[in-house]
Amino acid sequence: MTDTKRLEITWPGIGITVAAELDRRNPALAQCLWDALPYRSLQGHALVAGYHLYHLAPAHSLLHTEAQYRVDRRTVPDGTLFCSRLQHLGIKYGELTEPMMATPIGRVIEPDLDALAQAGREVWHSVYTTKEPVIAEVSRAGQPAGHVLPRLPIGDPELNQLAKEVHAETVRIWLDPPQELLDLHAGRIPSGAGSYETVLTTLLFVNGETRPLGYSCYGGLVRAALDGMPMPWLRQMTRQLAHTPAEFLGYCGLDRLWDFTQRLLAGLERLDCHEDFAAIMAHMALYCNCLGGWNLHLFPWEAGAHLRRLQAGA
């Protein structure tokens with residue numbers, strides 16, 4: 001990046017816009033984000049770490065681009081922007097408690113920090129209480145908002161068709177909640193999952209399987225492929241890591257995910273180059289990460305409102 005790159009982050013549903021500038025601490029990651037602009041995404045909020053916003057950025061390159069500089073995110077100023085291999089654009093707006101090393105790429109400008117904090121409070125209310133989605137719009141300063149999810153081509157015709165369908169489904173649910181998750185959260189579970197007809201337990205386990213499937217399994221497989229892991233090992237790791245959680249999620253109601261996974265596993269032997277392998281895994285990662293984002297938004301967090309952290313010494 002040769003010139004200062006300025007962007008705007010707008011949450012039209014709550015009427016708040018902030019400006020930010022990208023910097024040189026992690027120029028490759030910043031460029032990944034810049035190249036993905038403009039886009040829209042479901043805005044999420046940290047549920048454990050503290051006062052932190054994050055959302056999925058539709059950039060496959062974030063899965064594998066190396067960071068040059070890391071910092072304990074608790075120590076940096078409010079307004080700091082981060083990009084991560086979880087495909088997140090994160091924004092710190094207050095105290096953080098998790099000692100996580102993170103990769104900063106820029107910062108919200110000082111005059112907009114109060115507006116950022118207000119956006120944080122509004123998004124927390126959305127995620128924790130109302131369940132009304134808040135959509136973030138991220139664009140280059142002075143340029144129109146818009147939205148495109150990239151698609152990566154694959155040489156094998158059948159797996160290319162699978163990638164096309166996974167991409168189309170990701171586009172379909174990117175800004176609208178998947179019907180499968182709406183049914184699940186409403187207690188419509190055809191398999192009967194949920195002992196003694198409970199729903200909350202099933203929701204908890206679905207959340208616990210979906211997030212690592214996207215973050216660790218598929219994101220990790222992309223990185224392993226681009227690091228040059230031999231193809232036979234990659235195929236074996238895919239079978240070991242993807243089958244069981246996807247089958248369980250299918251039992252819980254995520255039939256489309258299970259169907260995609262079975263077709264992927266059936267075609268593994270036809271993948272004979274690392275680029276094609278990384279491409280199909282990247283599509284699966286973004287799809288799973290999108291499912292995970294919606295599940296976190298829909299989850300009935302207020303069910304635990306009576307459980308509060310005790311102060312030290314209490």
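In case you missed it, the structure is sitting above this.
I will try to describe carefully the structure that is included in this document.

The rules behind these values
- Residues numbered from 1 in each chain as written.
- Predicted model: local features only at pLDDT ≥ 70, side-chain atom pairs only at ≥ 80, totals over all residues.
- Heavy atoms only, no water.
- Pairing = 2+ DSSP bridges.
- Helix = DSSP H or I, 4+ residues; strand = E, 2+ residues; numbered from the N terminus.
- Axes fitted to C-alpha atoms, helices over the stretch in contact; angles between N-to-C directions.
- Parallel < 35°, antiparallel > 145°, perpendicular 65-115°, else oblique.
- Left-handed = near helix turned anticlockwise from the far one by under 90°.
- Contact = heavy atoms within 4.5 Å.
- Nonpolar A, V, L, I, M, F, W, Y, C, P; charged D, E, K, R; others polar.
- Buried < 20%, exposed > 50% of the residue type's maximum accessible area, 1.4 Å probe, protein only.

Glancing now at the sheet that holds strand β6 (residues 80-83). The eight strands are arranged β1-β2-β9-β6-β7-β4-β3-β10 in a closed barrel whose pairing can be described as antiparallel. Direction aside, the axes of adjacent strands within the sheet are offset by 30 degrees on average. In this sheet, strand β10 (residues 135-140) lies alongside strand β3 (residues 39-45) in antiparallel orientation, the contact comprising four bridges. Bridged to Tyr 39 within β10 is Val 138.

Orientation of helix α5 (residues 200-226) relative to helix α6 (residues 231-251), taken along the N-to-C sense of each, is 165 degrees, at an axis distance of 10 Å. Taken together, the axes of α5 and α6 lie roughly antiparallel to each other. Seen along the crossing, α5 lies across α6 with a hand that is left-handed. Only Leu 234, Met 237, Thr 238, Leu 241, Ala 242, Pro 245, Phe 248 and Leu 249 of α6 make contact with α5, whose side of the interface consists of Phe 205, Val 206, Glu 209, Thr 210, Leu 213, Cys 217, Tyr 218, Leu 221, Ala 224 and Ala 225. Residues of the contact of α5 with α6, tallied by class, amount to 15 nonpolar, two polar and one charged.

Burial along strand β2 (residues 16-22) is one-sided: the face carrying Ile 16, Val 18, Ala 20 and Leu 22 is buried and the face carrying Thr 17, Ala 19 and Glu 21 is not. The antiparallel hairpin formed by strand β1 (residues 5-11) and β2 contains four residues in its connecting segment, where Gly 15 sits at a positive phi of about 70 degrees. With three bridges joining them, β2 and strand β9 (residues 104-108) adopt antiparallel strand pairing. Paired with Leu 22 across the bridge in β9 is Gly 106.

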